[in-house]
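Close look at the chain arrangement
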Amino acid sequence: MNRKMELLQELQRCVSEMEDELVIKVAETYLNEGYNAHEGIMQGLVAGMEKAGDLFEQGEYFVPELLICSDAMNNGLDVIKPHLAVEDIGETINVVIGVVEGDTHDIGKNLVKIMLETAGFDVHDLGRDVPAVDFVNKAKEIDARIICMSTLMTTTMSNMQRVIELLKAEGLYGKIKTMIGGAPISQSFADLIGADAYTSNAVEAAKRAKLLMSC
Ligand code: B12
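No experiment lies behind these values; they were computed from the predicted model shown. (Residues numbered from 1 in each chain as written. Predicted model: local features only at pLDDT ≥ 70, side-chain atom pairs only at ≥ 80, totals over all residues.)

1. As for the site of the ligand
For clarity, the cut-off: Contact assignment follows one rule, namely that a residue is near a molecule or strand if its backbone-placed C-beta atom lies within 6 Å of it. Each helix is a run of H or I in the DSSP string that is no shorter than four residues. Each strand is a run of E no shorter than two, and both are numbered from the N terminus. Basically, the charged four are Asp, Glu, Lys and Arg, the nonpolar ten are Ala, Val, Leu, Ile, Met, Phe, Trp, Tyr, Cys and Pro, and anything else, Gly included, counts as polar. The split into domains, and so the bounds of each, comes from an automatic or database assignment of domains.
The immediate surroundings of the ligand are formed by 38 residues, with G53, G108, S150, M153 and G181 found nearest. Sorting elements by how many residues they give to the shell around the ligand places helix α3 (residues 37–57) first, with six residues. Partitioned by chemical class, the residues of the shell around the ligand number 19 nonpolar, 14 polar and five charged. Each of domain 1 (3–83) and domain 2 (94–212) contributes no fewer than three residues to the shell around the ligand.

2. Regarding the pairing of strand β2 (residues 122–125)
Here is the rule: DSSP bridges decide pairing: two strands pair if at least two such bridges lie between them. Here, the term right-handed applies to a crossover whose path from the first strand over the helix to the second runs clockwise when the strands point away from the viewer.
The pairing of strand β1 (residues 94–99) with β2 spans four bridges and is parallel. Paired with I97 across the strands is D125, a residue of β2. Where the polypeptide runs from β1 across helix α5 (residues 107–118) and back to β2, its parallel neighbour, the crossover connection is right-handed.

3. Some remarks on the domain arrangement of the protein chain
As a reminder, the rule being used: Contact definition: two residues whose C-beta atoms, as placed from backbone geometry, lie within 7 Å.
Assigned domains within the protein chain: domain 1 (3–83) and domain 2 (94–212). Inter-centroid distance (C-alpha atoms) of domain 1 to domain 2 is 25 Å. Every contact between the two is made by six residues of domain 1 and, on the other side, four residues of domain 2. Of all the secondary-structure elements, those providing two or more residues to the side of domain 1 that touches domain 2 are α3 and α4 (63–80). Of the residues forming the side of domain 1 that touches domain 2, the biggest block, three residues, is contributed by α3. The residue makeup of the side of domain 1 that touches domain 2, split by class, is four nonpolar, one polar and one charged.

4. Digging into α5
For an α-helix, 3.6 residues make a turn, and residues three or four places apart therefore share a direction. This is how it is decided: Multiplying 1.5 Å by the residue count of a helix minus one yields the expected span of that helix. With C-beta atoms placed from the backbone, a residue counts as buried when 20 or more other C-beta atoms lie within 10 Å of its own, as exposed when 12 or fewer do, and as partly exposed for counts between those limits.
Here α5 is twelve residues long and its end C-alpha atoms lie 17 Å apart, about the 16 Å a rise of 1.5 Å per residue gives. Burial within α5 is extensive, with nine of its twelve residues counted as buried. Those residues of α5 that fall on the buried side of the exposure criterion are I107, G108, K109, N110, L111, V112, K113, M115 and L116. Once α5 finishes, G120 follows within two positions and takes phi at roughly 105°, a positive value.

5. Topic: helix α1 (residues 3–16)
The end-to-end C-alpha separation of α1 is 20 Å, in line with the 20 Å expected for 14 residues at 1.5 Å each. Where α1 is concerned, the buried positions are L8, L11, Q12, C14, V15 and S16. Its buried side turned inward, α1 meets α2 (22–32), α3 and α4. Downstream of α1 by one or two residues, M18 has phi in the positive range, about 65°.

6. Describing the nonpolar core
Put simply, the rule is: A set of buried residues drawn from Ala, Val, Leu, Ile, Met, Phe, Trp, Tyr and Cys, joined through C-beta atoms within 7 Å, is what defines a nonpolar core.
Among the nonpolar cores identified, the biggest contains 58 residues, and V15, V95, L116 and I147 are the most heavily contacted of them. Viewed by domain, this core spans two of them, domain 1 (3–83) and domain 2 (94–212), each represented by three or more residues. V15 has contacts with V23, L45, G48, M49, A52, C69, A72, M73 and G76, leaving out every residue within four places of it along the chain.

This is how it looks when you write it as structure tokens:
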């Protein structure tokens, strides 16, 4: 196995095996040896978090383990994120992002945020458990052109629709585009609630946002 692959696998392992301190050193070594930051995040840290998710589904991990895995992933992200190359899209395009009300899963949302930022968007993060009205108010305040919503729970999916209904009530539907995502979300759900775009991952989310803005 080559050195790069070895370090990517070690990043993965650090996240999936709760090495929240060691991950910092491995991420620094990965960068110092000149490897690509984007791949470090997607093929190292994110792959590790996906493995942790699988272990949870298999009943081997519980909530406390997942929390340490997500700390490890965030520690790795803190090291690698500043090394991502940021594109220039030639204008300021404000985007509002958040996890809808009732849901605190924010790992996916944070990844989408990073990919949008590196694609050149100005991203305003409302965090998690965000009431529908806050998405709309923030978008109005900063003249946002896209609202991105994330949720990981079936029970909170309908809160995405509430944001879209509020946009309609304010005459902003269509003017402010909406993008949605998260594990239970699908294109058919996006069509059903009238969202402008859905993607299954963060890299595609950034590409789709550029397409929506034609940049
Ligand atoms: C990690 C995790 C947690 C962590 C969250 C840590 C954190 N800070 O986020 C902790 C331990 C805190 C947690 C808590 C809970 N969890 Co949990 N959790 C998970 C787990 C294992 C992985 C989720 C994850 O981070 N995946 C990795 C990321 C990278 O993937 P992702 O989020 O899907 O994001 C990608 C795409 O979806 C997309 N995307 C995401 N958002 C967006 C947005 C846009 C606009 C776009 C375009 C794309 C996009 O891009 C991302 C990157 O590529 C899932 C199961 C699973 N395997 O998915 C359960 C899961 C989501 N949890 C679940 C539950 C039930 C809970 C709890 C209620 C548990 C409890 N009994 O207390 C609480 C939630 C409390 C609350 N109200 O929020 C259920 C939800 C079931 C359901 N159908 O609703 C799941 C599915 C587990 C299960 N099978 O039961 N959880």
